[in-house]
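What follows is the residue order along each chain.
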Amino acid sequence: MNITNFLKDFNLPSPLFVLSTIPFLFFLVKQIKSLPSKCSKNLPPGPPKLPIIGNLHQVDNKPHVSTANIAREYGPLISLRLGNQLVVIASTPEAAMGILKTQDRFLSARVVPTAFQQPSLIPHSLIWSECNETWKNLRTLCRTEMFSTKALEAQSMLREEKIGHMLEFLHSKQGEAINVEDVVFTTLFNTLSSIIFAKDLIDLKDDYGGSNELKATLRKIIEFGGRVIDFGSFFPILERFDLHGIRKGTLKLFSKVFSYWEYIIDERRSQVNSSTWSSEQAHTFVDRLLENGFSNNQIHQLVTELFVAGTNTTTSIVVWVMSELVRHQEVMLKIDNEMKREIKSDKINSSHLSKLPYLQACIKEAMRLHPPVPLLLPHMATDTCEVMSYTIPKNTKVFVNLWAMGRDPNVWDDPFSFDPERFMVTKLDFKGQDFELLPFGSGRRMCPGLPSGIKSIEFILASLIHEFTWVLPDGVDPSKLNMDSKFGIAMKRETPLELIFKRK
Ligand code: HEM
């Protein structure tokens with residue numbers, strides 16, 4: 001790719017403009033100064049680097065795919081230079097273990113994407129904080145109040161209720177083509193908003209057509225956050241200029257979302273502070289935050305992060321499993337038989353889920369092929385350390401390419417075929433101990449929302465399979481269903497999955 005096309009492709013300023021700016025000259029000087037350093041001798045291998053841009057031209061808008069291709073040539077642990085950022089990427093279970101287990105202590109800080117570099121927000125962030133006291137306390141609080149077995153049990157009625165609404169809605173739309181992602185996202189969103197605020201925030205009916213403003217704003221934040229090629233982030237000296245307006249754009253979106261939360265929180269706060277309030281009435285997550293003395297700003301940040309991290313990832317898995325099941329009718333038939341055998345009632349409830357090992361194997365298999373967060377979130381080295389005998393210098397950005405690991409023929413037999421049986425004959429699980437399968441990560445930064453996310457995924461899929469037959473509209477041949485993916489904070493289908501749901 002030539003440099004002018006590269007800049008155009010990513011909507012970057014023209015080379016003439018860039019060259020004409022004084023900062024660019026400073027940047028050139030800094031670049032030249034920062035070229036090979038003393039410790040670069042023992043870096044993981046990687047392709048030759050061009051002056052200034054390094055390997056930027058080799059990483060496109062599907063970085064999980066382009067870096068997997070580079071890893072095939074250079075090995076399990078590669079190093080790239082993107083602008084003046086050193087980036088190390090692991091692409092095998094052994095390399096992932098080196099990063100997420102052996103050197104977890106040094107490699108668990110975060111690189112904050114440009115979109116989220118808002119000085120007022122980072123001090124309250126769970127996702128983007130270093131592993132500091134704030135981060136530790138927020139994780140502990142979320143684990144106890146939201147993701148513990150006790151909390152999950154308390155949420156199960158809400159989950160059943162929201163899934164019930166989804167089923168009712170789909171029954172009312174029989175014969176119509178439905179955008180699956182919209183309906184699943186809304187259901188998960190309302191489940192989470194009921195847990196946090198005791199309120200549904202999106203109406204399934206309004207949502208049909210994608211008109212809901214809150215949903216649109218949160219999606220925009222996710223889209224900004226997922227921009228991998230952001231010129232500024234690879235050239236820190238340019239960062240302050242916010243060339244793409246990403247930081248400014250996201251700040252506007254944040255204030256819009258925060259004003260939604262503000263109203264609800266103030267209403268709740270005045271109830272909590274009233275003389276008639278007793279702690280037995282506190283049952284939402286926000287009540288717990290208020291009892292723990294959280295300020296509005298702290299609550300805004302945490303709640304937004306939970307929505308951003310929890311809804312898209314979970315939706316993505318449900319949609320990928322459904323896409324695979326539509327393409328593999330023989331697998332769908334096996335799940336059907338499992339359900340007929342194990343479930344005798346009309347409706348699915350949480351107690352049925354543990355009786356469906358074949359459905360669970362299908363979910364694992366879809367997560368192997370389509371990990372929702374294909375490179376994990378960006379980690380950063382707080383100190384120089386060694387992985388697989390290579391040096392990882394302090395401040396290196398570190399990624400684990402789950403997408404490459406899931407398709408590696410050295411790890412999986414026949415890696416490109418969707419074959420849930422492979423998980424019926426192994427105990428491999430996604431809980432962070434088996435480095436072949438890490439959709440939720442592993443180690444101290446591992447996803448805290450796993451128990452809640454997986455419950456929703458199983459429940460939604462079991463309910464949709466139990467009640468409906470799924471048909472592609474316009475007689476599309478299932479084997480021709482487009483399975484291309486689009487990279488982002490959560491990896492989605494490139495084209496929406498539309499299905500007609502017919503009552504069984
Ligand atoms: C079921 C689908 C989900 C998947 C596949 C998933 C995956 C991930 C991954 C890969 C990470 C980053 C791990 C790393 O960087 O090493 C992560 C972090 C995180 N996830 Fe999830 N997640 C899911 C659901 C959820 C849910 C339902 C919530 C909350 C409601 C949630 C909240 C978080 C948070 C707060 C973090 C940041 C943790 C930290 O930085 O310490 N996730 N998730």
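Residues numbered from 1 in each chain as written. Predicted model: local features only at pLDDT ≥ 70, side-chain atom pairs only at ≥ 80, totals over all residues.

Summarise the overall build of the chain; cite the residues concerned and give the values.
When helices and strands are counted, the chain shows 19 helices and 12 strands. Burial status across the chain gives 42% buried among its 504 residues. Sequence-distant contacts, at least 24 apart, represent 72% of the contacts inside the chain between residues at least 6 apart. (Helix = DSSP H or I, 4+ residues; strand = E, 2+ residues; numbered from the N terminus. Buried ≥ 20, exposed ≤ 12 C-beta atoms within 10 Å, placed from the backbone. Contact = placed C-beta atoms within 7 Å.)

Lay out the site of the ligand with the relevant residues and their values.
Surveying the vicinity of the ligand reveals 26 residues, the closest of which are G310, G441, C447, G449 and G453. Counting only elements with at least two residues in the shell around the ligand, the list comes to helix 15 (296-327) and helix 19 (450-467). Per-element accounting of the shell around the ligand gives the leading share, seven residues, to helix 15. Residue composition of the shell around the ligand, by class: 16 nonpolar, seven polar and three charged. (Near = placed C-beta within 6 Å. Nonpolar A, V, L, I, M, F, W, Y, C, P; charged D, E, K, R; others polar.)

Which residues make up the sheet that holds strand 4 (residues 177-179), and what are the values?
One open sheet accounts for three strands, arranged 4-12-9; its pairing is antiparallel. Edge positions in the sheet fall to strand 4 and strand 9 (468-471), since each has one partner strand and no second. Here the strands of the sheet are splayed against their neighbours by 45° on average, with no regard to which way each runs. (Pairing = 2+ DSSP bridges. Axes fitted to C-alpha atoms, helices over the stretch in contact; angles between N-to-C directions.)

Which residues make up the packing of helix 8 (residues 180-197) against helix 15, and what values go with them?
Two numbers describe how helix 8 lies on helix 15: the axes approach to 9 Å, and their chain directions differ by 145°. For the pair helix 8 and helix 15, the crossing hand works out as right-handed. Of helix 15, the residues touching helix 8 (which contributes V180, E181, V184, F185, L188, F189, L192 and I196) are V303, L306, F307, G310, T311, T314, T315, V318, V319 and M322. For the contact of helix 8 with helix 15, the class distribution of residues is 13 nonpolar, four polar and one charged. (Left-handed = near helix turned anticlockwise from the far one by under 90°.)

Break down helix 4 (residues 63-74) for me, with residues and values.
Between its first and last C-alpha, helix 4 extends 16 Å over 12 residues, near the 16 Å set by a 1.5 Å rise per residue. Those residues of helix 4 that sit buried are P63, H64, T67, A68, I70 and A71. Seen along its axis, helix 4 keeps its buried residues to an arc of 165°; they face one direction. With respect to the buried face of helix 4, the exposed residues turned more than 90 degrees away are N69, R72 and E73. Residue G75 follows helix 4 closely and has a positive phi angle near 115°. (Expected span 1.5 Å × (residues − 1). Arc of directions from axis to C-beta.)

Now, about helix 17 (residues 357-369): what can you tell me, with residues and values included?
With 13 residues, helix 17 should cover 18 Å at 1.5 Å per step; its first-to-last C-alpha distance of 19 Å lies within 8% of that length. Along helix 17, the positions that sit buried rather than exposed are L359, A361, C362, I363, E365, A366, M367 and R368.

Help me get a handle on the pairing of strand 8 (residues 397-400), residues and values and all.
By the bridge criterion, four bridges tie strand 2 (residues 85-90) to strand 8 in an arrangement that is parallel. Of the residues in strand 8, the one forming a bridge with I89 is F399.

Explain the environment of L167 to me, using residue names and the numbers behind them.
On the secondary structure map, L167 appears in helix 7 (residues 149-172). Judged by C-beta crowding, with 19 C-beta atoms within 10 Å, L167 ranks as partly exposed. A sequence separation of 297 residues divides L167 from L464, and the C-alpha atoms of the two residues are 7.5 Å apart. Setting aside anything within four residues of it in sequence, one finds L167 in contact with S463 and E467.

I'd love a proper account of the confidence of the model for the chain, names of residues and values included.
With 86% of its residues at a pLDDT of 70 or more, the chain has an overall mean of 87. Predicted confidence is poor over residues 1-22, with pLDDT under 50, and the contacts of this stretch with residues over four places away or in other chains come to 15 contacts. Here residues 32-39 is modelled with pLDDT under 50, and outside its nearest four sequence neighbours on either side it reaches four contacts, counting other chains as well. (pLDDT = per-residue confidence, 0-100.)

Describe the UniProt feature "binding site: heme" (unreviewed entry) in the chain, listing the residues and the values that go with them.
Within this structure's numbering, the places UniProt gives as "binding site: heme" (unreviewed entry) are C447. Tracing the backbone through its elements, the reader meets C447 in the loop between helix 18 (402-406) and helix 19. Overall, the presence of 23 C-beta atoms within 10 Å leaves C447 in the buried class. If we ignore the near neighbours within four places in the chain, the residues touching C447 are F440 and G441. (UniProt positions renumbered as here; feature names shortened; annotations may be inferred.)

How would you explain the nonpolar core if you had to name every residue and give the values?
By size, the foremost hydrophobic cluster in this structure holds 121 residues, and its most contacted members are A96, I99, V318, V321, C362, V400 and L461. In terms of residues, this core owes the most to one element, helix 15, which gives 15 residues. Apart from residues no more than four positions distant in its own chain, V400 is found in contact with A90, A96, I99, L100, L375, L376 and L438. (Core = buried A, V, L, I, M, F, W, Y, C linked by C-beta atoms within 7 Å.)

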